[in-house]
Amino acid sequence: MIDPSVQIGSVYLDSTVLISVVARDSSAQSADIRGLLDQIERKPSLLVGVISTFVIAEVRQFKRAGKDVPFNDAEAKRVLEMLRSDRLVIRPLIEAVAIRAADIGNLFPDLMP
């Protein structure tokens, strides 16, 4: 659970930054994002992650040039567990829009979030 008495900041995590972590991206930016996730996972954490419900729909397997983009299974598990945990503040998106976005993404897997 997030403790607001020790929180010093928040960071918005959109789907593209989380996908870069799970899609075997070895860039410096992904390393920085992994560091932010480490901080968010600490208890108590001084940093709070904020996502929209749309992020939950977009962080999924996708294709590029007709082939599955390889996911780092350990990082994918970490991110998916975080999305389902109480370590993030989730800002609502109208549920119907989020469901429709996920449906479209699943129908057209070549679309990159």
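Because the structure is a prediction, the values reported are computed rather than measured. (Residues numbered from 1 in each chain as written. Predicted model: local features only at pLDDT ≥ 70, side-chain atom pairs only at ≥ 80, totals over all residues. Heavy atoms only, no water.)

Chemist: Mind showing me how you'd approach the nonpolar core here?
Modeler: Side chains of a nonpolar character, in soluble globular proteins, are inclined to be buried together. Core analysis: the largest hydrophobic core is formed by 23 residues, its most contacted members being Leu-13, Leu-18, Leu-37, Val-79 and Leu-83. Of all the elements in the fold, those that place two or more residues in this core are helix H1 (15-22), helix H2 (28-41), strand E2 (47-52) and helix H4 (73-83). The dominant element in this core, judged by the number of residues it contributes, is H1, at five residues. Setting aside chain neighbours within four positions, we find Leu-13 in contact with Leu-18, Leu-37, Ile-40, Gly-49, Val-50, Ile-51, Val-55 and Leu-88. (Core = buried A, V, L, I, M, F, W, Y, C linked by side-chain atoms within 4.5 Å. Buried < 20%, exposed > 50% of the residue type's maximum accessible area, 1.4 Å probe, protein only. Helix = DSSP H or I, 4+ residues; strand = E, 2+ residues; numbered from the N terminus. Contact = heavy atoms within 4.5 Å.)

Chemist: Would you mind showing me how to read the packing of H1 against H4 here?
Modeler: Think of two packed helices as two axes; the pair is described by the angle between the axes and how far apart they sit. Following both chains from N to C, one finds H1 and H4 inclined at 145°, their axes separated by 8 Å at the closest point. Touching Leu-18, Val-21 and Val-22 of H1 are Glu-75, Ala-76, Val-79 and Leu-83, all from H4. Grouping the amino acids of the contact of H1 with H4 by side-chain chemistry returns six nonpolar, no polar and one charged. (Axes fitted to C-alpha atoms, helices over the stretch in contact; angles between N-to-C directions. Nonpolar A, V, L, I, M, F, W, Y, C, P; charged D, E, K, R; others polar.)

Chemist: Even after reading the chapter, I still don't get the sheet that holds strand E5 (residues 88-91), so can you show me in this structure?
Modeler: Sheets are built from strands that pair by backbone hydrogen bonding, the pairs being arranged parallel or antiparallel. If you trace the three strands from one edge of the open sheet to the other, you get E1-E2-E5, paired in parallel fashion. Two strands close off the open sheet at either side, each with one partner strand: strand E1 (9-12) and E5. Geometrically, the sheet is characterised by an average inter-axis angle of 30° between neighbouring strands, direction not taken into account. Pairing between E2 and E5: four bridges, direction parallel. Residue pairing across strands places Ser-52 opposite Arg-91, the latter belonging to E5. Strand contacts of H2: E1, E2 and E5, with the helix running at about 110° to E2, the strand carrying the most contacts. (Pairing = 2+ DSSP bridges.)

Chemist: What am I meant to see in the side chain of Ser-20 here?
Modeler: Its location among the elements puts Ser-20 in helix H1. Since its relative accessible area comes to 12%, Ser-20 is described here as buried. Of the polar contacts made by the side chain of Ser-20, one reaches the backbone oxygen of Val-17; its length is 2.7 Å. Not counting residues up to four positions away in its chain, the partners in contact with Ser-20 are Asp-25, Ser-30, Ile-33 and Arg-34. (Polar contact = N/O pair within 3.5 Å; in protein donor to acceptor, adjacent residues only side chain to side chain.)

Chemist: Help me understand helix H5 (residues 95-107) in this model?
Modeler: Think of an α-helix as turning once every 3.6 residues; residues three or four places apart then point the same way. Compared with the 18 Å implied by 1.5 Å per residue over 13 residues, the 18 Å span of H5 between its first and last C-alpha is a close match. The elements touched by buried residues of H5 are helix H3 (53-58). (Expected span 1.5 Å × (residues − 1).)

Chemist: What is the right way to read the pairing of E1 from this model?
Modeler: Two faces belong to every sheet, and in a regular strand the side chains alternate between them. Alternating residues of E1 divide into Gly-9 and Val-11, all buried, and Ser-10 and Tyr-12, none buried. Bridge analysis of E1 against E2 gives four bridges, and the strand direction is parallel. Its bridge partner lying in E2, Val-11 is registered against Gly-49.

This is a description of form; function is not addressed.
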